[in-house]
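Understanding the architecture of this molecule
Listed here are the chains, written in short residue letters.
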Amino acid sequence: MITASTVFDAYLDVNALLLLACTACFATGYALRFVGLGHTVLAQLRMMRATFLAVVISPFIVIVFMAVVQNGYILPDSVPNLSDFIVAQYLHGAFEMNPTALENLLSVRSQTASAFFETHDAVGVPVVALLVAGIVVFGLRLALSILRLRRMIRDSYAWRRFGSLHLRLSDEISVPFSTRSLRNRFVVLPSAMITRNADLRITLAHEIQHLRQNDVTWEIFLEALRPLFFWNPAFYLWKRRVEQLRELSCDRQVMMSRGYKVAEYCDCLINVCQNSLKPRPLFAVDVPVVALVRIENRLFAQRSAKLLKNRLFSLIEGKAERNPTQVFLLLGLPMLALTLTASLAIQKPSDWSQDRLMLSTIINLERIHTTNATPTFGVPSY
Amino acid sequence: MVQKYKFLTEVELEFMTQLWELGQGTVRDLLDTLSPDRPLAYTSGATIMRILEQKEFVTSTKVGKTFIYHPVLTKDAYQTRSIKNLSEKLFDNTPASLVARLVNDSDLSPEALDAIRTLIDKRLKDDNS
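Residues numbered from 1 in each chain as written. Chains lettered and ligands numbered in written order. Predicted model: local features only at pLDDT ≥ 70, side-chain atom pairs only at ≥ 80, totals over all residues. Heavy atoms only, no water.

Right, let's talk about the overall build of chain B for a bit. Across its full length, chain B holds 6 helices and 2 strands. For chain B, whose C-alpha radius of gyration is 19 Å, the value lies well above the compact-globule estimate of 14 Å for 129 residues. Across the 129 residues that make up chain B, the buried fraction comes to 28%. The long-range share in chain B, meaning contacts at least 24 apart out of those at least 6 apart in sequence, stands at 47%. Carbon and sulfur atoms form 55% of the exposed surface of chain B, whose accessible area is close to 9,100 Å². In chain B, 17 positive and 19 negative side-chain charges are present, and the distance between their average locations comes to 8 Å. (Helix = DSSP H or I, 4+ residues; strand = E, 2+ residues; numbered from the N terminus. Rg over C-alpha atoms; globule rule 2.2 N^0.38 Å. Buried < 20%, exposed > 50% of the residue type's maximum accessible area, 1.4 Å probe, protein only. Contact = heavy atoms within 4.5 Å. Areas by Shrake-Rupley, 256 points an atom, 1.4 Å probe, with all protein chains shown as cover. Lys, Arg positive; Asp, Glu negative; His and termini not counted. Charge placed at Lys NZ, Arg CZ, Asp CG, Glu CD.)

This is the structure:
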């Protein structure tokens, strides 16, 4: 039976795994830049997306894998386990530590889950309450942003329609964006743009490329998961990096396939930014869309400016990305293997290994030693 | 429920101004009346007119392959709507403040002030009778 404790355990695993995968992906990004392959943006984008998907579905993969192990198709000893590995290293003298402290460190996760769901201790209950409150608040924000988006689309004006693709014009927006529902895809443009033909052509090509690359679907998927990861900084770092790679990759694809002039394209990006320079509320609710340029409030304005600068530099540099699929496979497969191995390795050990028994014995012997060393114990009081 | 009025963007206002002057017209008629230093593609003009139709500022009738547009809202009605909106948003819904700002404007000539006084007197007389 699936208990609340099991679900919470899986939730912690996914968060820890996201942190690990984020570190690995960022390290890969830095390494690629170091060796002069920083322009492989599409391959990196695919790698990050595949890894994120692996992180999110990892609890189900673990369940399937454990079922396979239980049915005897794979030997339990061949399944990697992080805590068993640490204990083995400890017993082999790879590092020194108080055995009780090591035991406490290894059992910190099960103790946390127990504190939250079984013993109802003074720290556990407020933390769970905060977590649930955060998920509810961010869930409500998501619902609000969807309603706001629906209203924006409803209040916009139909321009053209190609099958399920709707092109619409709006008086309310200054930055063009694309989004989608289950059946329909929308590109919404500021109505003032209709008189700027060059900007209009480039913007349309850019937004349609986003829809082609499934960037919009991914954005909605990430926004839908935000309430679950609202406290995890790795999620925000991840999303930010994916947004950067997505825009760089989209710019390059549009430039390559349509052959626009670099100056014309850069002008379009700057024009849209210029037309959007108006103060935004500090806590404005973001809607799940993919916009041509990112405009943020004063607090994060530097980040938006940096992204725009990177995009302009990348366009001017104009390095072509060769064989993105092969590069993706080269980067993505080891990353997926690492993520899935880590998802298995961070599980609780299914049984007491020899090393664990040894550690437990050491702890018990230490306790007996401490007890015997206590002068008052066993000494008659007469 | 309070009805949310629609307003015109800059380029839409240009088209509507021409249409109010012409009474009715096709996209080509309107494009011809625009300033020559403002080159606008036919498709852009057609899109603007289609938006105006969705905003219910104009209606169209199809004659052959061409659409002829007619204004639904008069220029006076739109001016009233715009002034009301300005009064609500910028003058805290107190039209007196709006008029005060206008009257205090040093660019206003004595003739213009006289005209305003005449209009106010006429309105007050009409209301009393």
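Okay, back to it.
Moving on: the interface of chain A and chain B. Facing the 13 residues of chain A at the interface are 17 residues of chain B. Summed over both sides, the interface between chain A and chain B buries roughly 1,100 Å², with carbon and sulfur atoms accounting for 55% of that surface. Sorting the residues of chain A by area buried against chain B places Tyr157, Ile194 and Thr195 of chain A first, and these three jointly supply 46% of that buried surface. Here chain A is connected to chain B by 1 salt bridge. (Buried area = accessible area lost by both parts, 1.4 Å probe. Salt bridge = Lys/Arg side-chain N within 4 Å of Asp/Glu carboxyl O.)

Of all hydrophobic cores here, the largest spans 53 residues; its most connected members are Phe15, Met49 and Leu52 of chain B. With 6 residues, the single largest contributor to this core is helix 10 (residues 262–275) of chain A. By size, the runner-up hydrophobic cluster in this structure holds 31 residues, among which are Val14, Met48, Trp238 and Met335 of chain A. (Core = buried A, V, L, I, M, F, W, Y, C linked by side-chain atoms within 4.5 Å.)

All names here are of chain A. Within the secondary structure, Glu223 sits in helix 8 (residues 215–225). The exposure class of Glu223 is buried, given its relative accessible area of 7%. With residues near it in sequence (within four places) discarded, Glu223 still touches Leu142, Lys239 and Pro288.

Among the secondary structure elements, Lys55 of chain B is positioned in the loop between helix 3 (42–54) and strand 1 (58–63). What makes Lys55 of chain B buried here is its relative accessible area of 4%. As a C-alpha pair, Lys55 of chain B and Leu8 of chain B span 47 residues in sequence and 8.9 Å in three-dimensional space. Apart from residues lying up to four places away in sequence, Lys55 of chain B is in contact with Tyr157 and Asp171 of chain A together with Lys6, Phe7, Leu8, Thr9 and Glu12 of chain B. Within polar-contact distance, the side chain of Lys55 of chain B engages the side chain of Asp171 of chain A at 2.4 Å. (Polar contact = N/O pair within 3.5 Å; in protein donor to acceptor, adjacent residues only side chain to side chain.)

Residue and element names in this part refer to chain A. Per the stated rule, a full pass over the model turns up 15 aromatic pairs over all chains. Note on Phe52 and Phe221: the rings are 6.1 Å apart at their centroids and 90° apart in plane angle, and the pair reads as edge-to-face. With Phe52 in helix 2 (residues 41–70) and Phe221 in helix 8, the pair connects residues that are 169 residues apart, well separated along the chain. Exposure remark for Phe221: the relative accessible area of 27% places this residue in the partly exposed category. Judged by centre distance (5.9 Å) and plane angle (40°), the ring pair of Phe52 and Trp238 falls under tilted. One end of the pair, Phe52, is in helix 2; the other, Trp238, is in helix 9 (residues 233–258), and 186 residues separate them in sequence. Here Phe52 matches Trp238 in class, with each residue buried. Connected via pairs of aromatic rings, a cluster forms that spans Phe52, Trp218, Phe221, Phe229, Phe235, Tyr236 and Trp238. Positioned above the aromatic ring of Phe138, the side-chain terminus of Arg141 is 5.9 Å from the ring centre. (Phe/Tyr/Trp six-rings, centres within 6.5 Å; stacked < 30°, edge-to-face > 60°. Lys NZ or Arg CZ within 6 Å of the ring centre and 35° of its normal.)

Where charged atoms from two side chains of opposite charge come close, those side chains can pair. Considering all chains together, one arrives at 21 salt bridges over all chains under this definition. The salt bridge involving Arg154 of chain A is made with Asp155 of chain A; its shortest N-O contact spans 3.6 Å. The exposed category is assigned to Arg154 of chain A, whose relative accessible area is 60%. For the salt bridge of Lys55 of chain B with Glu12 of chain B, the shortest nitrogen-to-oxygen distance reads 2.6 Å. Residue Lys55 of chain B is located in the loop between helix 3 and strand 1, and its partner Glu12 of chain B is located in helix 1 (residues 10–22); the two are separated by 43 residues in the primary sequence. Using a relative accessible area of 2% as the deciding quantity, one classes Glu12 of chain B as buried. Connected through shared salt-bridge partners, Glu219, Glu223, Arg226, Lys239, Glu243, Arg246, Glu247, Asp251 and Arg311 of chain A make up one network.

Take the environment of Glu14 of chain B next. Residues and elements named next belong to chain B. Within the secondary structure layout, Glu14 lies in helix 1. Taking the relative accessible area as the measure of exposure, Glu14 reaches 25% and is therefore partly exposed. Sequence-wise, Glu14 and Lys55 are 41 residues apart; in three dimensions their C-alpha atoms are separated by 15 Å. Beyond its immediate stretch of four places on either side in the chain, Glu14 contacts Leu34 and Arg38.

Moving on, we come to the domain arrangement of chain B. When its domains are assigned, chain B resolves into domain 1 (10–71) and domain 2 (75–128). One C-alpha centre belongs to domain 1 of chain B, the other to domain 2 of chain B, and the line joining them spans 30 Å. (Domains from an automatic or database assignment.)

Our next topic: the state of the cysteines. All names here are of chain A. Enumeration according to the criterion identifies 0 disulfides over all chains in this entry. The cysteine Cys25 is free of any disulfide, with Cys22 supplying the nearest cysteine sulfur at 7.3 Å. Given the relative accessible area of 4%, Cys25 is considered buried. (Disulfide = S-S within 2.5 Å.)

Residue and element names in this part refer to chain B. Both strand 1 and strand 2 (residues 66–71) contribute to a ladder of 6 bridges, which runs antiparallel. Opposite Lys62, over in strand 2, you have Phe67 as the bridge partner. If you look at the hairpin formed by strand 1 and strand 2, you'll find 2 residues sitting between the two strands, and Gly64 has a positive phi there, around 65°. (Pairing = 2+ DSSP bridges.)

To continue, consider helix 1 (residues 4–34) of chain A. With 31 residues, helix 1 of chain A extends 45 Å between its outermost C-alpha atoms, agreeing within 8% with the 45 Å of an ideal straight helix rising 1.5 Å per residue. Two residues or fewer after helix 1 of chain A comes Gly36 of chain A, characterised by a positive phi angle close to 80°. (Expected span 1.5 Å × (residues − 1).)

Time to look at the sheet that holds strand 2 (residues 165–170) of chain A. All names here are of chain A. Spatially, 1-2-4-3-5 is the arrangement adopted by the 5 strands of the open sheet, whose pairing is mixed. Each edge of the open sheet is held by one strand with a lone partner, namely strand 1 (157–162) and strand 5 (290–291). Relative to strand 4 (residues 185–190), strand 2 runs parallel, the two being bridged by 6 bridges. Looking at the pairing, His166 lines up with Phe186 of strand 4.

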